[in-house]
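# Structural characterization, general
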Amino acid sequence: MTLALDLAGIALAAAGVAFLLLAALGVWRLPDTLCRLHALTKADTAGLALVAAGTTCLLPSAGGALSLVLCVVLVAISGATIGHLIGRAHQE
Amino acid sequence: MTAETIYLLSGAGLVGLAFWRLGTSGDVIRRVLALNVLAVGIAMLLLAAAQDPATVDPVPQAFLLTGIVVLVAVTAALLALGERIGGDCDE
Amino acid sequence: MILDLLATAALVATLAALPRLVVGPTAADRILAAQLSGTGTVATLLLLGAASGAPALFDVALVFAALSAIAGLAFVALWRRDP
Amino acid sequence: MSTAFDILVALGGLACAGIALVAGNRIGSVAAFVIMGFFVALAWVRLGAPDVALAEAAIGAGLTGALLLRSANRLGPVREAGVPIAVHGIAACLSLALAGGIVWAFATGTAEAVYPSLVAARVGESGVSNPVTAVLLNFRAWDTLLEVAVLVVALLLVSGLAPVRIAPAPPSELVLPFLRIVVPVAVLLAGHLLWKGATAPGGAFQAAALLTGGGLALALCGLLGAGRRTGHVLVLAGLGGLALFLAAALGAAILTGGLLDYPAGSAKVWIIAIESALTLSIAAMLVSLFLGPSEGVRDDR
């Protein structure tokens, strides 16, 4: 049971890191600002959510899970809002 | 190479970089940035010197906490002064 | 061990923002780079915290997550293209 | 493996510092400085100083970046006088020599670490079990008192200079839901860090830095600091913290005969009370340092 949980946690975290690397690649290689914004806001948030889910599986107790969930919520909402604001500022 | 050595070298590098820029730039914001980088470099030197895997030395950490808050106050004051004089120290 | 490896990979994702920071070309691109490395840092801290079992690192990650928007907000609110 | 991690963090910090100091683009330079704060916080974590990392996270990512952006916007593009190449060379040589000397001094110096054992021996009497908080608010509370005084001086200086108040662009309707979540969470987290600071990493400075971040978010969306009254309230809150700290110092002196020498047994109550007041007052002062003086103080330039 614990082993399965550990394996799942590591798989989720690895998938999350892969998303983060993809986001970085997108920001690096895509041709214009709005494309890069698109890559950043989605892949980044998904990557962090997966990393946090993986980390939750690896925690010794469930007590620390709350701060991880809060982390994901905060990053998701600020990423979305800032992405929108930067996109709009760029368009003007 | 231990973590201590790595951060010692990097702290010394940050101090050197900051001093070079302080000596060669006349731009207010660059100088303030250099001052901030200098503070970070010194903090890194202090923490790397206090690094010991067995015990935690709380005294440098307390100094750095005080230093961070004082530094941000000084930065705000310097930037307010810089805005007042208009951005060019060499005039 | 494998968590250390993952943390290093997340750190590489954080570092990958730097070329965009140097090249630009617009101000929005540079702020975007800062946003990307903010998320990368949060992920790195989470993985480091899981690797070392130190719950204090989750607090540091939380503080970064709560304040990751400030630089972007300041840019959008204060920056004028031609002041 | 962790060596590779440390090397990447150190290189990232150095690279960002270099970009911040050399870039000809204002936004690029400020963004590089903000990213340097991320690497530096990771370095503090690796060096076993999560207390410092918390404060760096909140101040470096939030307040300093916002301050620099504000000034960059007002001062316009980089204006360099064009220093002769010889001066660049001499400065580079001197800086290299300085860096080399520092490395030599720290690598060859042999000093006994005296503080850890001293602090560990007395931390039981200090009323808190986090040694950093014990040093800040009990053993060296004097330093902390004077630090708050430094903040007050900086605040007076900024008020005296009377810079133009920030005038953020009107927020879009999408910002409000964001603020409704982020600002309350920041306040909650600040309370959490303040309370935790007695036993684990956290404390008054970290909590204050976080509250400042929340305040900045409100100010940048035009919801704080628009009126004259907010400015006065913030300055009064800042001064009130210093006054309360001084009153606590005098009260402790009357009770025990030594300045900031808390009565035995109730040290924790004193420390938590002082820390709570400090959190509010430091946050108020930092926010007003960003906002500039209140309307009533400003003269027309």
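Residues numbered from 1 in each chain as written. Chains lettered and ligands numbered in written order. Predicted model: local features only at pLDDT ≥ 70, side-chain atom pairs only at ≥ 80, totals over all residues. Heavy atoms only, no water.

This part is about the overall build of chain A. Each helix and strand counted, chain A has 3 helices and 0 strands in total. Its C-alpha atoms give chain A a radius of gyration of 15 Å, more than 25% over the compact-globule value 12 Å for 92 residues. When the backbone C-alpha atoms are referred to their principal axes, chain A occupies close to 55 × 25 × 10 Å. Across the 92 residues that make up chain A, the buried fraction comes to 46%. Taking contacts inside chain A between residues at least 6 apart in sequence as the whole, the part at least 24 apart equals 68%. (Helix = DSSP H or I, 4+ residues; strand = E, 2+ residues; numbered from the N terminus. Rg over C-alpha atoms; globule rule 2.2 N^0.38 Å. Buried < 20%, exposed > 50% of the residue type's maximum accessible area, 1.4 Å probe, protein only. Contact = heavy atoms within 4.5 Å.)

Further remarks concern the overall build of chain C. A count of helices and strands for chain C gives 4 helices and 0 strands. If you list the helices and strands of chain C from N to C, you get α-α-α-α. Taken over C-alpha atoms, the radius of gyration comes to 15 Å for chain C, far larger than the 12 Å a tight globule of 83 residues would show. By its C-alpha atoms, chain C is 50 × 25 × 10 Å across when sized along the principal axes. Across the 83 residues in chain C, those meeting the buried criterion constitute 72%. A fraction of 46% describes how many contacts in chain C between residues 6 or more apart in sequence connect residues 24 or more apart. Accessible surface computed for chain C: about 2,200 Å², of which carbon and sulfur atoms make up 68%. (Areas by Shrake-Rupley, 256 points an atom, 1.4 Å probe, with all protein chains shown as cover.)

Here we come to the interface of chain D and chain A. Counting residues at the interface gives 8 residues for chain D, matched by 8 residues for chain A. For the pair chain D and chain A, the summed buried surface comes to about 760 Å²; carbon and sulfur atoms form 86% of the total. Considering only the surface of chain D that becomes buried against chain A, Ser172(D), Leu174(D) and Phe178(D) emerge as the three largest contributors, covering 51% of it. Here chain D is connected to chain A by 0 salt bridges. (Buried area = accessible area lost by both parts, 1.4 Å probe. Salt bridge = Lys/Arg side-chain N within 4 Å of Asp/Glu carboxyl O.)

In terms of nonpolar packing, the biggest core is built from 203 residues, with Tyr7(B), Leu46(C), Leu47(C), Phe64(C), Trp44(D), Leu289(D) and Phe290(D) touching the most fellow members. Shared between two domains, this core takes at least three residues from each, and those domains are domain 1 (1–80) and domain 2 (114–301) of chain D. The residues touching Leu47(C), leaving out its near neighbours within four places in the chain, are Ala13(A), Val17(A), Val51(A), Thr55(A), Leu3(C), Leu6(C), Ala7(C) and Ala10(C). (Core = buried A, V, L, I, M, F, W, Y, C linked by side-chain atoms within 4.5 Å. Domains from an automatic or database assignment.)

All names here are of chain D. It is the contact of helix 6 (residues 131–139) with helix 11 (residues 267–291), at a shortest axis distance of 11 Å, that shows an interaxial angle of 90°. Between helix 6 and helix 11, the angle falls in the class roughly perpendicular. Two secondary-structure elements touch here, helix 6 through Thr133, Leu137 and Asn138 and helix 11 through Ile271, Ile274, Glu275 and Leu278. Of the residues in the contact of helix 6 with helix 11, the class split is 4 nonpolar, 2 polar and 1 charged. (Axes fitted to C-alpha atoms, helices over the stretch in contact; angles between N-to-C directions. Parallel < 35°, antiparallel > 145°, perpendicular 65-115°, else oblique. Nonpolar A, V, L, I, M, F, W, Y, C, P; charged D, E, K, R; others polar.)

Each partner contributes to the interface: chain B provides 65 residues, whereas chain D provides 79 residues. With both sides pooled, the region where chain B packs onto chain D buries about 6,500 Å², and carbon together with sulfur makes up 76% of that total. The tally of links from chain B across to chain D stands at 3 salt bridges. Counting across the chain B and chain D interface gives 11 residue pairs in polar contact (both at pLDDT 80 or more). Those elements giving two or more residues to the side of chain B that touches chain D turn out to be helix 1 (3–24), helix 2 (28–49) and helix 3 (58–85) of chain B. It is helix 3 of chain B that provides the largest number of residues to the side of chain B that touches chain D, a total of 21 residues. A class-by-class count of the residues in the side of chain B that touches chain D yields 43 nonpolar, 14 polar and 8 charged. (Polar contact = N/O pair within 3.5 Å; in protein donor to acceptor, adjacent residues only side chain to side chain.)

Attention shifts here to the confidence of the model for chain A. Taken residue by residue, chain A gives an average pLDDT of 86. The fraction at 70 or more is 98%. Within chain A, helix 3 (residues 65–91) of chain A has the poorest average pLDDT of any element, 86, and helix 1 (residues 2–29) of chain A the best, 88. (pLDDT = per-residue confidence, 0-100.)

Let us look at the packing of helix 1 of chain A against helix 1 (residues 2–15) of chain C. At their nearest, the axes of helix 1 of chain A and helix 1 of chain C sit 8 Å apart, and the two run at 15° to each other. It follows that helix 1 of chain A is roughly parallel to helix 1 of chain C by the angle criterion. Relative to helix 1 of chain C, helix 1 of chain A is oriented so that their crossing is left-handed. When helix 1 of chain A is examined against helix 1 of chain C, the residues Ile10(A), Ala13(A), Ala14(A), Val17(A), Leu20(A), Leu21(A) and Ala24(A) are found in contact with a partner set consisting of Ile2(C), Leu6(C), Ala9(C), Ala10(C), Val12(C) and Ala13(C). (Left-handed = near helix turned anticlockwise from the far one by under 90°.)

Bringing the pattern of salt bridges into the picture now. Scanning the model with the defined rule gives 6 salt bridges over all chains in all. Ionic pairing is found between Asp29(C) and Arg36(A), a salt bridge with its closest N-O pair at 2.8 Å. Here Arg36(A) lies in helix 2 (residues 33–58) and Asp29(C) lies in helix 3 (residues 27–52), a pairing that spans two chains. Considered together, Asp29(C) and Arg36(A) belong to a single accessibility category, that of buried residues. Through salt bridges with shared partners, a single ionic network connects Glu83(B), Arg70(D) and Arg74(D).

This brings us to the side chain of Thr44(C). As for its position among the elements, Thr44(C) is in helix 3. Among all residues touching Thr44(C), those that are not within four sequence positions of it are Ala7(C), Ala10(C), Leu11(C), Thr14(C), Phe5(D) and Leu42(D).

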